[in-house]
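Single-letter residue listing:
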Amino acid sequence: MSTAMIFVGLILSTILTTASNSWLLAWLCLELNTLSILPFISKTKHPRAIEAATKYFLTQATASCLLLLAGTSNAWLTGTWDMTQMSNKLTSTTMLIALTMKMGTVPTHFWLPEVLQGSTLLTALLISTWQKIAPMSLLFIMSNNIQPTFTLTLGLLSTAFGGWGGMNQTQLRKMMAYSSIANMGWTVITLTHEPKASMINIFTYITLTTPTFLLMALTSTKTLQNMTTMWSTSPLATTTMALLLLSTAGLPPLTGFLPKLIIMNELVTQNLTPLATMTMMTSLLSLSFYLRTTYLTTLLNPPSSATSATKWRQKMTKNKTMILLPTATASTFMMPALIP
């Protein structure tokens, strides 16, 4: 019962944040959102989980302080708490830093890999997807008042650091954390020029990440070594995982290619072709560890010999597989339906 109430609080706080038009109300709802997710992170009562919850709380508290500072300063300068009245460059930049810290973009990204590694797979799913909706909605509202140079710099750095960080990881949760940082870079880079493209990218990322984490949870897969023996649980899950990883990497004609194509088109339209080229080059870094994981998932199966002992797992029932079918299908074959 208590878990259900906390989960309802998590959902309601996000909905209230997206529906608010005052910085004071948004700050209050974000605080409720942070307090709601903390019990899920520390639920396992493991020292690593307690450490992850502490790091998450300190980071979110710092971001909330910056958000409240920016909102109060803006209210003092303009006489209103309205989100659309962020004409001052200093307050808008401070607010951008606070919200990107909550989302986990460079240079305030260091908390995300450690928190995800200390959480369960389902909690990591919540942090990587649902927890990004509230700050992203606030960024969308104030996108007209953000400095373009700042968002372009943050976006390029996030895609680069996300790719570099994920290349050396053997833990899947840390790899997905750096994948999240890179995808947040794609989202932020076009925020001031085409906010709708940023929203398409973030919701496509959520659609891709949700079945990926659910498959990892259902097959008890947490490391690259576990990926080599996923076929022993379910060949269908193995194939679906490979398609999801390639879609997240942005390979055509899968769904993940669509938002990247829209963002690249917008950057070129804004005469930012050099920046678009650098962004595409940094995406190759992410592609490398996605392809490595896909190789371990699909090409190390019978009749080839496995490189590790088969991990004990519960047998996946048909009902569990059917739950993932709608989201996995949307994650891999939705692109032709979305192209105008």
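Fair warning: this is a prediction, and the values are worked out from it, not measured in the lab. (Residues numbered from 1 in each chain as written. Predicted model: local features only at pLDDT ≥ 70, side-chain atom pairs only at ≥ 80, totals over all residues. Heavy atoms only, no water.)

Participant: Explanation requested: the overall build of the chain in the structure shown.
Facilitator: The secondary structure content of the chain amounts to 16 helices and 0 strands. Residues classed as buried in the chain amount to 54% of the 340 residues present. For the chain, the exposed surface amounts to about 15,000 Å²; the carbon and sulfur share of it is 69%. (Helix = DSSP H or I, 4+ residues; strand = E, 2+ residues; numbered from the N terminus. Buried < 20%, exposed > 50% of the residue type's maximum accessible area, 1.4 Å probe, protein only. Areas by Shrake-Rupley, 256 points an atom, 1.4 Å probe, with all protein chains shown as cover.)

Participant: Looking at this structure, how should I read the UniProt feature "transmembrane region" (unreviewed entry) in the chain?
Facilitator: When the UniProt feature table is mapped onto this chain numbering, "transmembrane region" (unreviewed entry) sits at residues 57-78, 90-112, 146-164, 199-218, 230-252 and 321-339. This span, residues 90-112, is 70% helix and 0% strand, and a straight line between its end C-alpha atoms measures 26 Å. Secondary structure across residues 230-252 divides into 65% helix and 0% strand, with the first and last C-alpha atoms of the span separated by 25 Å. (UniProt positions renumbered as here; feature names shortened; annotations may be inferred.)

Participant: Where do I start with unusual backbone geometry in this structure?
Facilitator: Apart from glycine, the bulk of residues carry a negative phi angle, and the bulk of peptide bonds sit in the trans form. That bond from Val106 to Pro107 is cis: its omega, 5 degrees, falls within 30 degrees of zero. Summarising the element assignment, Pro107 is placed in the loop between helix H4 (89-103) and helix H5 (111-117). A cis amide bond links Pro252 to the next residue, Pro253, at an omega of 5 degrees. Its identity is not glycine, yet Ser220 carries a phi of approximately 55 degrees, on the positive side. Tracing the chain through its elements places Ser220 in the loop between helix H10 (195-218) and helix H11 (224-227). What makes Ser220 partly exposed here is its relative accessible area of 28%. In this structure, Asn271 takes a positive phi of about 60 degrees despite not being glycine.

Participant: What am I meant to see in the side chain of Thr187 here?
Facilitator: For Thr187, the position within the fold is in helix H9 (residues 172-189). The class for Thr187 is buried, based on a relative accessible area of 0%. Those residues in contact with Thr187, other than ones at most four positions away along the chain, are Met136, Ser198, Asn201 and Ile202. (Contact = heavy atoms within 4.5 Å.)

Participant: What's the story with the pattern of salt bridges in this structure? I'm lost.
Facilitator: Charged atoms that come close allow side chains of opposite charge to pair. Applying the stated criterion across every chain yields a total of 3 salt bridges. As a salt-bridge pair, Lys55 and Glu51 come within 2.9 Å of each other at their nearest N and O atoms. Taken together, the residues Lys55 and Glu51, both in helix H3 (residues 47-78) and 4 residues apart, mark about one turn of the helix. What makes Lys55 partly exposed here is its relative accessible area of 27%. Residue Glu51 is classed as partly exposed on the basis of its relative accessible area of 41%. (Salt bridge = Lys/Arg side-chain N within 4 Å of Asp/Glu carboxyl O.)

Participant: Would you mind showing me how to read the environment of Leu156 here?
Facilitator: Structurally, the position occupied by Leu156 is in helix H8 (residues 148-167). Spatially, the C-alpha atom of Leu156 lies 10.0 Å from that of Ser283, the residues being 127 residues apart in sequence. For Leu156, the contacting residues outside a window of four places in its chain are Ile189, Leu275, Met278, Thr279 and Thr282.

Participant: How should helix H12 (residues 235-249) be read in this particular structure?
Facilitator: Side chains of residues three or four places apart in an α-helix project in the same direction, reflecting 3.6 residues per turn. For H12, which comprises 15 residues, the first-to-last C-alpha distance of 21 Å matches the rise-based estimate of 21 Å (1.5 Å per residue) to within 8%. Of all 15 residues in H12, 11 are buried; the element is thus mostly enclosed. Count one or two residues on from H12 and you reach Gly250, which has phi positive near 95 degrees. (Expected span 1.5 Å × (residues − 1).)

Participant: Explain the nonpolar core here, please?
Facilitator: What tends to happen in soluble globular proteins is that the nonpolar side chains get buried as a cluster. By size, the foremost hydrophobic cluster in this structure holds 39 residues, and its most contacted members are Ile37, Ile41, Tyr56, Ile127 and Phe213. No other element matches H9, which puts 6 residues into this core. Excluding its chain neighbours within four sequence positions, the residues that come into contact with Tyr56 are Thr34, Ile37, Leu38, Ile41, Trp111, Val115, Ile127 and Gln131. (Core = buried A, V, L, I, M, F, W, Y, C linked by side-chain atoms within 4.5 Å.)

Participant: So what exactly am I meant to see when it comes to the packing of aromatic side chains here?
Facilitator: Both the distance between ring centres and the angle between the ring planes are used here to describe each pair of aromatic rings. Counted according to the given criterion, the structure contains 3 aromatic pairs. Taken together, a centroid distance of 6.3 Å and an interplanar angle of 80 degrees make the contact between Phe7 and Phe40 edge-to-face. Taken together, the residues span a long stretch of sequence, with Phe7 in helix H1 (residues 2-19) and Phe40 in helix H2 (residues 23-41) at a distance of 33 residues. When its relative accessible area of 13% is taken as the criterion, Phe40 is described as buried. Relative to Trp111, the ring of Tyr56 has its centre 5.6 Å away and its plane inclined at 70 degrees; by these criteria the two rings are edge-to-face. (Phe/Tyr/Trp six-rings, centres within 6.5 Å; stacked < 30°, edge-to-face > 60°.)

Participant: What am I meant to see in the packing of H2 against H3 here?
Facilitator: Think of two packed helices as two axes; the pair is described by the angle between the axes and how far apart they sit. Their axes nearest at 10 Å, the elements H2 and H3 cross at an angle of 180 degrees. By the criterion of interaxial angle, the relationship of H2 to H3 is roughly antiparallel. Residue-level contacts link Trp23, Leu24, Trp27, Leu30, Glu31, Thr34, Ile37, Leu38 and Ile41 of H2 to Ala49, Ala52, Ala53, Tyr56, Phe57, Gln60, Ser64, Leu67, Leu68 and Gly71 of H3. A breakdown of the residues in the contact of H2 with H3 according to their chemical character gives 14 nonpolar, 4 polar and 1 charged. (Axes fitted to C-alpha atoms, helices over the stretch in contact; angles between N-to-C directions. Parallel < 35°, antiparallel > 145°, perpendicular 65-115°, else oblique. Nonpolar A, V, L, I, M, F, W, Y, C, P; charged D, E, K, R; others polar.)

Participant: Help me understand the packing of H9 against H10 in this model?
Facilitator: Direction vectors running N to C along H9 and H10 enclose 170 degrees, while the axes themselves pass 10 Å from each other. Classed by the angle they form, the pair H9 and H10 counts as roughly antiparallel. Counted together, Leu172, Met176, Ser179, Ser180, Asn183, Met184, Trp186 and Thr187 of H9 and Ser198, Asn201, Ile202, Tyr205, Thr209, Thr212, Phe213 and Met216 of H10 form the full contact between these two elements. Here the residues of the contact of H9 with H10 sort into 8 nonpolar, 8 polar and no charged.

Participant: Can you walk me through the environment of Ser143 in this structure?
Facilitator: Note that Ser143 resides in the loop between helix H7 (133-141) and H8. Every residue in contact with Ser143, bar those within four places of it in the chain, is listed here: Leu191, Thr192 and Pro195.

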